[in-house]
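# A look at the structure
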Amino acid sequence: MPDERALVAATSLETGRFISAELSVDRDDLVALIDRLSMVEQAYVEVRLANDEFPALLVGLRRGIAVVQCMSGPESMALLAGDGSSAASEVVDVLIMDELATFTGEYVRGSARARDVVVKFVDGADLWSLGEWHDV
């Protein structure tokens, strides 16, 4: 297992506000952070590899569920298809930075599965092999 480092900006567990300053974290710290954030009412995390501006994964979390987005360039965004955690017609609000954004259940996945996508990304997996992406 490689000791990959990622740059992470996330909701503060203390204040509940998004802190845009990126911190360099290792894989284990990233997993622990996402697990902690997935247990709070609302949270958001951005993850990118230390040597690359793009792609970046953007994850909105809400008590056990998540929506994963990929910013593959300054003007390019895609949503990862959900895993059936919510009905496709269900509407879910998750944080994107400090604002609530509404998504349908077709883009909702369990937070543990979202975390696994982020870990595979940090470990070097091809982004497009991590699931079905839909351009926004």
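What follows deals with the nonpolar core. Soluble globular proteins tend to pack their nonpolar side chains together in the buried interior. If you look at the biggest cluster of nonpolar residues, it comprises 28 residues, and the most contacted ones within it are Val8, Val45, Val47 and Leu57. Where this core is concerned, the elements lending two or more residues are strand 1 (5–11), helix 1 (27–37), strand 3 (43–49), strand 4 (56–62), strand 5 (65–73), strand 6 (76–80) and helix 2 (111–122). Here the element with the most residues in this core is helix 2; it accounts for five residues. The contacts of Leu57, once residues within four sequence positions are left out, are Val45, Glu46, Val47, Val68, Gln69, Cys70, Val117, Val118, Phe121, Leu127 and Trp133. By size, the runner-up hydrophobic cluster in this structure holds nine residues, among which are Val67, Val92, Val94 and Ala101.

Let us look at the packing of aromatic side chains. Counting across every chain of the model gives two aromatic pairs. With a centroid separation of 5.2 Å and 65 degrees between ring planes, the pair formed by Phe18 and Tyr44 is classed as edge-to-face. Of this pair, Phe18 sits in strand 2 (residues 18–26) while Tyr44 sits in strand 3; the two residues are 26 residues apart in sequence, bridging distant segments of the chain. We classify Phe18 as buried; its relative accessible area is 13%.

On to the environment of Ala88, then. Along the chain, the position of Ala88 falls in the loop between strand 6 and strand 7 (91–96). In this structure the C-alpha to C-alpha distance between Ala88 and Pro74, which are 14 residues apart in sequence, comes to 28 Å. Sequence-distant contacts of Ala88, defined by excluding residues within four places in its chain, comprise Thr104, Gly105 and Glu106.

Thresholds applied
- Residues numbered from 1 in each chain as written.
- Predicted model: local features only at pLDDT ≥ 70, side-chain atom pairs only at ≥ 80, totals over all residues.
- Heavy atoms only, no water.
- Core = buried A, V, L, I, M, F, W, Y, C linked by side-chain atoms within 4.5 Å.
- Buried < 20%, exposed > 50% of the residue type's maximum accessible area, 1.4 Å probe, protein only.
- Helix = DSSP H or I, 4+ residues; strand = E, 2+ residues; numbered from the N terminus.
- Contact = heavy atoms within 4.5 Å.
- Phe/Tyr/Trp six-rings, centres within 6.5 Å; stacked < 30°, edge-to-face > 60°.

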